Amino acid sequence: MKPHWLMPAGLHTTSAQLPVEGRLPSFEGATGWLNSPPLTADGLRGKVVLVNFWTYTCINWLRQLPYVRAWAGKYAAQGLVVIGVHTPEFSFEHNLDNVRRAVQDMRVDYPVAIDNDYAVWSAFDNHYWPALYFADAQGRIRHHHFGEGEYQQSEMVIQMLLAEGGSADPGHDLVSVEARGLEAAADWAALRSPENYTGYGRTEGFASPGGVVPGKSYLYTVPAGLRLNEWALEGDWTVEEEAATLNTAGGKIACRFQARDVNMVLGPTAPGTSVRFRVLIDGQSAGADHGTDVDKQGSGTLTGQRVYQLVRQHGPVTERTFEIAFLDPGAATYSFTFG
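Before going into details, it helps to say that this report is about the structure given with it. Only a predicted model underlies this, so the values are computations on that prediction, with no experimental measurement involved.

## Observations regarding the packing of helix H1 (residues 59-75) against helix H4 (residues 151-164)
- The N-to-C vectors of H1 and H4 enclose an angle of 25°; their axes lie 11 Å apart at closest approach. Relative to H4, the element H1 is oriented roughly parallel. Once H1 is placed against H4, the crossing between them reads as right-handed. Note on element contacts: H4 touches H1 through Tyr151, Ser154, Glu155, Ile158, Gln159 and Leu162, opposite Arg63, Gln64, Tyr67, Trp71, Lys74 and Tyr75.
- Residues belonging to the contact of H1 with H4 are distributed by class as follows: six nonpolar, three polar and three charged.

Dropping the structure here:
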């Protein structure tokens, strides 16, 4: 969906206006809070509020996070309250310990509403991760943005709403972030591979002979060749609606892709356990093109349910074949994302 954006070039002039899109909805449906006692729309009156819908394995939110984190730090003293609403996509993201660990690891220090029942999501009539909603000091939604990008415009909206609310001059300077790892912006010009899922409920391009056998242990094979954005399993796997789970050691996933980065949402099926893996690109060790969760030999270990960066290429981006082989059983795989 294209968010409406009025006069971005003239936002800091007196002629710029942002329409009223509605009232700031209630947060009463939150099932818990991190970094803050429960907050209410009425209690936030007089503050400019930025509401950010996220889920901790969403690569699009991870690439937006450096800006939201920077805005929260820069404008808190001038009256901005940032609220992250964590609405889970995968079942393991309902686990409060997982979310608490992600909040700590990702340096999210602003208030977080836990939205396990989708009540806050529904109150906002939201449909996207990530989503930003900007409310003025009178509790009125004045702007929104869905997805990545428009960071300069979003910060200018914050500055305008703070000035409207009577804050001391918020200034016109914009934050500068140095995003690394998973938080680095995608190489959009070279990206030809979309997000995909490994559970049968939402997967596309599955190429193992015979297709998916839902909900049963089955011995899959990888075909001799994969076309761009096809993927396949090898070994003994059980493919459920949300995830594919490896039953015996030695299983593999292969994917034909074109992107700078390959990321996957992965984790061991049993809490407190680990699963060793090895990544290959076109049949060779990752070398200098390894991701942050892989060494130069292509080796890594699953220790929790999260996004793993497996490939980050440094040369020309072309069509290549990615493989991840698991040396232990008990790997649960949920999705591919690219950047």
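Don't stop here, the text continues.
## Here we look at H4
- End to end, H4 covers 20 Å across 14 residues, agreeing with the expected 20 Å (1.5 Å per residue, within 8%).
- Of all 14 residues that make up H4, 10 are buried, and the element is covered over most of its length.
- Where H4 is concerned, the buried positions are Tyr151, Ser154, Glu155, Met156, Val157, Ile158, Gln159, Met160, Leu161 and Leu162.
- Buried residues along H4 sit in contact with strand E3 (48-54), H1, strand E4 (80-86), strand E6 (131-135) and strand E7 (140-146).
- Gly166 sits one or two positions beyond H4 and adopts a positive phi of about 95°.

## Quick look at the sheet that holds E3
- Taken together, seven strands build an open sheet; the order of strands is E1-E7-E6-E3-E4-E5-E2 and the sheet is mixed. Looking along the sheet, the strands with just one partner apiece sit at the ends: strand E1 (22-23) and strand E2 (32-34).
- In this sheet, E7 lies alongside E1 in antiparallel orientation, the contact comprising two bridges. Note that in E7 the partner of Arg23 across the bridge is Arg140.
- Taken strand by strand, H1 contacts E3, E4 and E6, and its axis lies near 160° from that of E3.
- Contacting E3, E4, E6 and E7, H4 crosses the sheet at an angle of about 20° to E6.

Conventions adopted
- One numbering rule holds for all chains: residues counted from 1, following each sequence as written.
- Local features are withheld for residues below a pLDDT of 70 in this predicted model, meaning they are given only at 70 or higher, and side-chain atom pairs are given and counted only at 80 or more; totals for whole chains, interfaces and linings count all residues.
- Heavy atoms from the whole structure form the basis of all side-chain values; hydrogens and water molecules are not counted.
- Angular values range over 0 to 180 degrees, each being the angle between N-to-C directions of two axes fitted as lines to C-alpha atoms, with helices fitted over their stretch in contact.
- Helix and strand definitions follow DSSP, with helices as H or I runs of at least four residues and strands as E runs of at least two, each counted in order from the N terminus.
- Put simply, angles under 35 degrees are roughly parallel, angles over 145 are roughly antiparallel, angles from 65 to 115 are roughly perpendicular, and the rest are oblique.
- Definitions for this section: a left-handed crossing has its near helix turned counterclockwise from the far helix by less than a right angle. A right-handed crossing has that turn clockwise.
- What makes two residues a contact is simply this: any of their non-hydrogen atoms within 4.5 Å.
- Under the scheme applied, nonpolar residues are Ala, Val, Leu, Ile, Met, Phe, Trp, Tyr, Cys and Pro; charged residues are Asp, Glu, Lys and Arg; polar residues are all the others, including Gly.
- In this scheme, a helix's expected span is set at 1.5 Å multiplied by one less than its residue total.
- Residue burial is assigned from relative accessible area. The probe radius is 1.4 Å, only protein chains are included, and a residue is buried under 20% of its type maximum, exposed over 50%, and partly exposed in between.
- Any two strands between which DSSP finds at least two bridges are classified as paired.

Note that every value here comes from positions in space, so none of it alone points to a role or purpose.
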